[in-house]
Each structure stands twice: as structure tokens, then as C-alpha cells.
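Notes for the structure review
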Amino acid sequence: MTQRKTILDIQHNISLKKYNTFGIDVKARYFTSVSTTEELLEVLREPAYPDKLILGGGSNILLTGDINALVIHMGIKGISVIREDENHVFVRVGAGENWHEFVLWTLGKGYGGLENLSLIPGNAGTAPIQNIGAYGVELKDVFTACEAVEVSSGNIKEFTLQDCDFGYRDSVFKREAKGKYIITNVTVRLTKNKHSIHTGYGAIRSRLDELGIEHPSIRDVSDAVISIRQSKLPDPEKIGNSGSFFKNPVISTHDFEKLKLQHPEIPSYPVSGSEVKIPAGWLIEQCGFKGKRFGEAGIHAKQALVLVNYGNATGKEIWQLAQDIRKTVREKFGISIEPEVNVL
Ligand code: EPU
């Protein structure tokens, strides 16, 4: 019989440095890890710790101070095929599984759909919160449902694709449902054959061309994405970071046309007939921040959208740098850039 975990496993004053990819050294007053939904429910029912914070892969947070609450580390594992038909397979993944290892598992089985989302840091359970996306694909393209525990009642609720109301780096979990639910597993619908290959994103196409691959397999696409990411984005194991720190701002085509008169080379992507998205990395680079270091904090030299911790930065230092960048971008371009990471 497996031993059930009890609240006795709660630890005190634990450093969260290895639990956040920025590598910020703050302390959790109380800390525990859960590996099943039952354990999670047990911890949630525990009245001695009224304030609780769930921590997934720690790849999308900036911790600016000690956490005076019970930090619950999500460790629910497991990958299983729950349904399949001739062409598709529905795979359920535990919230605590590492996202990239999950992607590799699906590729190993020959399932298509997640290859463009290779090497994104973090856990599977946090993927729906910000609708992770890269190289022309977003989680919403393969997502079918997730299960979550309602913190107030302990009830388990299923969220369908529609319920999640995904947008660009956005979902119901960042809005109405924020802080109210803890995602325990996610189900995606993948292809078993007739994979749809997405190589529309310029960088992928040119990487495949360099390699002379004309008809890429899902593994080729994944390999191309991995090599692009490795060439542009810092490895959090070596330099603390949280991927894109800011979201790419969406502005009206009217404002864009005005900006273009002053900055004819400004890049943009159409969002709708009336809106365009501007790469925040370009705005930040134009303000002279790219590759700059301010003490222990800095802006990555190969991608200005990524803030880095050179080793001993505090969350407050990183946040101060983010504020300075936002202010400069606002003054130069009249555009407000918003953080993508959750600042705690
Ligand atoms: N650019 C610059 N300077 C920079 C960075 C970017 O001028 O330092 C301009 C260039 O014009 C470049 C364009 O921005 O062509 C786009 O750059 P990139 O392809 O690197 O994409 P991004 O818009 O900067 C987004 C995501 C990334 C994702 C890539 C690829 C957001 C906030 N970020 O970045 O996501 O990997 O596209 O799809 O949407 C993440 O969320 O953590 C992340 C890394």
C-alpha cells in the first residue's frame, strides 16, 4: 500500500530559488508538494494555512518578495491516452509533468500537434493559463479540456475549449477564474497520421531550408524549433529568465499608420482588419536596451523581450528594470507594453 501524504509534510522557510526559472532567491513561509488530486484536496482543506499559492514549473512568475503563505508545489504526474479514433488520439497529461518532456513523449509515439511548442519551459498544468504559443501554434489549437479543482469548494470542474476562452497569451484563468482554480490535468487532441505541419513562421522555414529539408516530419519541425529557441533564448538552467517578459502589444491600424510615418521600418503582424501586433522585442531594442546589463539584471543580447538574472538579482531589481523599459517605450513610441509574466 502506498503511504498517503499528510499535512506533516509541510516544510518551513524554504528557498524558492530552484522552483522559479528566474532563479530568484525568496522564501516560502510554508511549503509542500502534492502528487495526486486527493493530496491537493487534503492540503486545501487544511485550515491552519488559510493563504495558499500554487506553484507549477515556475517559468512564468517573477517573485518580488518572500511568500507569507503555504506554497503548494504541483507534482501531479502521468501521461495517458484516454481515447482514440482512426486519425486522432486524445492524450491526458498531469499538471506537474514538464511540458517539453511531454512534447518529446508525444513525438516518440509519432503523434503530431505539439512539435512547434517544443522546448517551452514550465509544466503542462500552466500551459492553458497563458495559452502558451510559439512559431505559429498555440495550445488552443490542440487543447480539448482540462480538469481543475475549485479552491473554495474542493469541487472538480472540467473546462472545455470554449470555457477557457483562449486569446493571445490569455485565458479565463487570467481573468474571471484567476486564483479560483488549480488545474490538475490537461487533454490535447493529436494526430496519428496526416499531420498538419506548420512551417509558416519565417524562422522555421529558413532553418529547414538551411538543412535542405523540403518535406519535414513532425520531428524535423520540433528539431528546427529547438535549435531556433536554443540560438535565441537563454537556457534558464544557466541564466535565470522567464521567456518573454512582455506581451507583444496590439494597437489600432490607425495608430500604427501614424507611427509608421516616424518609424518606417517598424515590424507588425495583422491581428484583424483594425488592429496590428507589434513585436515588443523590436520596441525595446530601438530604445537601446538590448544586451544591456544593470547590476545583476539585464536584457538578453539575442532577444530583447527576455529579461535575465545574471545570478543574484532580486525580483525587485528585475521589476524595476521592467518599469524602466516600459516607461522608455511609452515615451518613445506612445505604446504601453504589459508584462506576460505574473508578478508576485
Ligand atoms: N525583434 C527585434 N529585436 C529583438 C527581438 C525581436 O527587432 O530583440 C523583432 C524582429 O522584427 C523579429 C520579430 O521581433 O522578426 C519577432 O521576433 P521573434 O520571432 O523572436 O518573436 P517574438 O514576437 O519576439 C514571440 C513569443 C515567443 C515565441 C516567439 C516565436 C510573445 C510575447 N513571445 O516572440 O514566446 O517563442 O514569438 O513564436 O508572444 C514566450 O512566451 O516566453 C516566448 C518566448
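By convention here, each chain's residues receive numbers from 1 onward along its written sequence. Only residues with pLDDT of at least 70 get local features here, since the model is predicted, and only at 80 or more are side-chain atom pairs given and counted; chain-wide, interface and lining totals rely on the full set of residues. Only heavy atoms go into the side-chain values, all of them from the structure, while hydrogens and water stay out.

Observations concerning the packing of aromatic side chains
Any aromatic ring pair is given by two values, namely how distant the centres are and how the planes are angled relative to each other. Only centres within 6.5 Å qualify two rings of Phe, Tyr or Trp (six-membered ring in Trp) as a pair; their planes then separate them into stacked at under 30 degrees, edge-to-face at over 60, and tilted for everything else. The full count for this structure, using the stated rule, is 13 aromatic pairs. A ring pair is formed by phenylalanine 245 and tryptophan 319, whose centres lie 6.4 Å apart and whose planes are at 40 degrees; its orientation type is tilted. Of this pair, phenylalanine 245 sits in the loop between β13 (240-244) and β14 (250-252) while tryptophan 319 sits in helix α8 (residues 315-333), and the two are 74 residues apart along the sequence. Take phenylalanine 245: its relative accessible area is 0%, and that puts it in the buried class. One aromatic cluster is present, formed by Phe22, Phe245, Phe246 and Trp319 through successive ring pairs. Under the scheme used here, helices are H or I runs from DSSP no shorter than 4 residues and strands are E runs no shorter than 2 residues, and both carry numbers assigned from the N terminus. Burial classes: relative accessible area under 20% of the type maximum marks a residue as buried, over 50% as exposed, and values in between as partly exposed (1.4 Å probe, protein chains only).

Details of the side chain of threonine 184
Following the sequence through the fold, threonine 184 ends up in strand β12 (residues 181-191). Among the residues examined, threonine 184 registers a relative accessible area of 2% and is labelled buried. Here a residue-residue contact requires only that any non-hydrogen atoms of the pair lie within 4.5 Å. Residues in contact with threonine 184, not counting those within four places in the same chain, are Thr37, Leu40, Ile76, Val93, Gly94, Ala95, Glu147, Ala148 and Val149.

Brief notes about the site of the ligand
Inspection of the region around the ligand gives 24 residues, with Tyr135, Tyr168, Arg169, Tyr201 and Glu285 positioned closest. Whenever a nitrogen or oxygen atom comes within 3.5 Å of another N or O atom, the pair is scored as a polar contact, on the condition that within protein one atom can donate a hydrogen and the other can accept it, and that pairs from neighbouring residues in sequence are kept only if both atoms are in side chains. Measuring from a nitrogen atom of the ligand, one finds a side-chain N or O atom of glutamate 285 at 2.6 Å. What sets the accessible areas is the Shrake-Rupley method with a 1.4 Å probe; for residues, cover comes only from the shown protein chains. Here the ligand, which alone exposes 820 Å², has 82% of that area covered by the protein. For the shell around the ligand, the secondary-structure elements that each account for two or more residues are α5 (218-232), β13 and α7 (280-286). Here the element with the most residues in the shell around the ligand is α7; it accounts for three residues. Polar here means any residue outside two lists: the nonpolar Ala, Val, Leu, Ile, Met, Phe, Trp, Tyr, Cys and Pro, and the charged Asp, Glu, Lys and Arg; Gly therefore counts as polar. In the shell around the ligand, the residues fall into 12 nonpolar, five polar and seven charged. Note that the domain bounds reflect an automated or database-derived domain assignment. Here the shell around the ligand gathers at least three residues from each of two domains, domain 2 (79-232) and domain 3 (240-343). Nearness is judged by heavy atoms alone; a residue qualifies as near a molecule or strand once a single heavy atom is within 4 Å of it.

Quick word on the packing of helix α4 (residues 202-210) against α5
Describing two packed helices takes the angle between their axes plus the distance from one axis to the other. In contact at an axis separation of 9 Å, α4 and α5 are set at 110 degrees when each is read in the N-to-C sense. In terms of orientation, α4 and α5 fall into the roughly perpendicular class. Within the contact between the two elements, α4 uses Ala203, Ile204, Arg207 and Leu208 and α5 uses Asp220, Val221, Ala224, Val225, Ser227, Ile228 and Ser231. Tallied by class, residues from the contact of α4 with α5 come to seven nonpolar, two polar and two charged. Each axis is a line fitted through C-alpha atoms, taken for helices only over the stretch in contact, and angles between the N-to-C directions span 0 to 180 degrees. Note on angle classes: values under 35 degrees are labelled roughly parallel, values over 145 roughly antiparallel, values of 65 to 115 roughly perpendicular, and the remainder oblique.

With respect to the domain arrangement of the protein
What the domain assignment lists for the protein is domain 1 (11-74), domain 2 (79-232) and domain 3 (240-343). Domain 1 and domain 2 are separated by 25 Å when their C-alpha centres are compared. Between domain 1 and domain 2, the residue contacts involve 10 residues of the former and 14 residues of the latter. Carbon and sulfur atoms supply 73% of the area buried between domain 1 and domain 2, which totals about 950 Å² over both sides. Every case where a carboxyl oxygen of Asp or Glu lies within 4 Å of a side-chain nitrogen of Lys or Arg is listed as a salt bridge. At the boundary of domain 1 and domain 2, one finds zero salt bridges. Between the two partners, domain 1 and domain 2, sit one residue pair in polar contact (both at pLDDT 80 or more). The greatest single-element share of the side of domain 1 that touches domain 2, amounting to four residues, is contributed by helix α1 (residues 37-45). Among the residues forming the side of domain 1 that touches domain 2, the class breakdown is five nonpolar, five polar and no charged. Values labelled buried area give the accessible surface lost by two parts on being combined, using a 1.4 Å probe and summing over both.

Examining the packing of helix α2 (residues 99-108) against α5
Direction vectors running N to C along α2 and α5 enclose 155 degrees, while the axes themselves pass 10 Å from each other. Classified by the angle their axes make, α2 and α5 are roughly antiparallel. For the element pair α2 and α5, the recorded crossing hand is left-handed. On α5, the residues that touch His100, Leu104, Leu107 and Gly108 of α2 are Ile218, Arg219, Ser222 and Ile226. Crossings are assigned a handedness: left-handed for a near helix turned anticlockwise from the far helix by less than a right angle, right-handed for a clockwise turn.

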